[in-house]
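# Summary of structural features
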Amino acid sequence: EPAKASNLAALGVRVRRGDFDDAASLVDAFEGATQVLIVSSNARAYGGDPIAQHRTAIEAARRAGARRLVYTSHMAASASSQFPPMLDHAATEAMLADSGLAWTALRNGFYAASGVALLGDAKNTGIVEAPADGKVSWTAHADLAEAAAATLANEGSFEGPTPPLTGSEALDLADLAEAASRAWGRPVRRGLIGEDELRARMAKRGLPPIVGEIAVGLYRASRAGEFAAVDPTLERLIGRSPARVASFIA
């Protein structure tokens, strides 16, 4: 939506429209680029096909003459992950490897904003109810964006997948509930529900079944330790300690 970048256009920046579902628009958007940063699509949650969209973007970058692709992947990208989006990341990394271009996959940690969202209405109810979970290295969007910029500014600093780009600690929902208790000055406890109950609650909110399955997969994958790794690479890239999820809760 070019209008959203009107402030940049006013500074003389050329604003280009690019649509994952319009290959011609991407070729035009990528004109003259030596590197292209592809931010992963979340179309799967809306019944779309992120793999097809990523393939379109990769091909458009090649047609535009780019020499490197940088892709926002995930620390748990795997063809065997229990969290469905990780399968899409793994498939996209395979396409990047077959693209004939140099490529970097930013193995981002799990977004801290998602951890805050999982608290739901706990500020009012005093309870965080969800299936059993595991530790997650919650990571700030802003820190990951800065790491992407640093990677682009130092082309070739990573070939293929990066190490996990994570925050400095791994926390489960019980830890987040404890942090919320401290931040809000009121008790917040962790409650357990089954996977079927989670699906039912999400359906009651009008969410499509696929969103419920993605949510269930999140808890299964976290229990399996898929998101628990903590790595110093992000701190090195941004030159400071990564933000902690407790600051977002506060």
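Owing to the predicted nature of the structure, the values given are computational and were not obtained by experimental measurement.

A few words on a nonpolar patch on the surface. A cluster of nonpolar side chains, Leu8, Leu11, Val13 and Val15, forms an exposed patch at the surface whose accessible area comes to about 340 Å². Relative to the elements of secondary structure, leucine 8 occurs in helix H1 (residues 6-9).

We now examine the packing of helix H9 (residues 195-204) against helix H10 (residues 209-223). Packing of H9 against H10 brings their axes to within 9 Å, and their N-to-C directions diverge by 145 degrees. As for the relative orientation of H9 and H10, their crossing is right-handed in sense. Contacts from Glu195, Leu198, Arg199 and Met202 of H9 reach H10 at Val211, Gly212, Glu213, Ala215, Val216, Tyr219, Arg220 and Arg223. Of the residues that constitute the contact of H9 with H10, the class distribution is six nonpolar, one polar and five charged.

Before going further, it helps to spend a moment on helix H7 (residues 141-153). Residues lying three or four places apart along an α-helix face the same way, a consequence of the helix completing one turn every 3.6 residues. Under the 1.5 Å per step criterion, the end-to-end length of H7 is 18 Å for 13 residues, consistent within 8% with the ideal 18 Å. Those residues of H7 not exposed but buried are Asp143, Leu144, Ala147, Ala148, Ala150 and Thr151. Summarising the axial view, the buried residues of H7 lie within an arc of 165 degrees, below the 170-degree limit, and thus occupy one face. For H7, the exposed residues set more than 90 degrees away from the buried face come down to Ala142 and Ala153. In this structure, the buried side of H7 is in contact with strand E3 (102-108) and helix H11 (233-238).

So, how was this worked out
Residues numbered from 1 in each chain as written. Predicted model: local features only at pLDDT ≥ 70, side-chain atom pairs only at ≥ 80, totals over all residues. Heavy atoms only, no water. Patch = residues over 30% accessible without salt bridge, like charges linked within 9 Å, V, L, I, M, F, W, Y side chains within 5 Å. Areas by Shrake-Rupley, 256 points an atom, 1.4 Å probe, with all protein chains shown as cover. Salt bridge = Lys/Arg side-chain N within 4 Å of Asp/Glu carboxyl O. Helix = DSSP H or I, 4+ residues; strand = E, 2+ residues; numbered from the N terminus. Axes fitted to C-alpha atoms, helices over the stretch in contact; angles between N-to-C directions. Left-handed = near helix turned anticlockwise from the far one by under 90°. Contact = heavy atoms within 4.5 Å. Nonpolar A, V, L, I, M, F, W, Y, C, P; charged D, E, K, R; others polar. Expected span 1.5 Å × (residues − 1). Buried < 20%, exposed > 50% of the residue type's maximum accessible area, 1.4 Å probe, protein only. Arc of directions from axis to C-beta.

Function-wise, these values are silent; they only describe arrangement.
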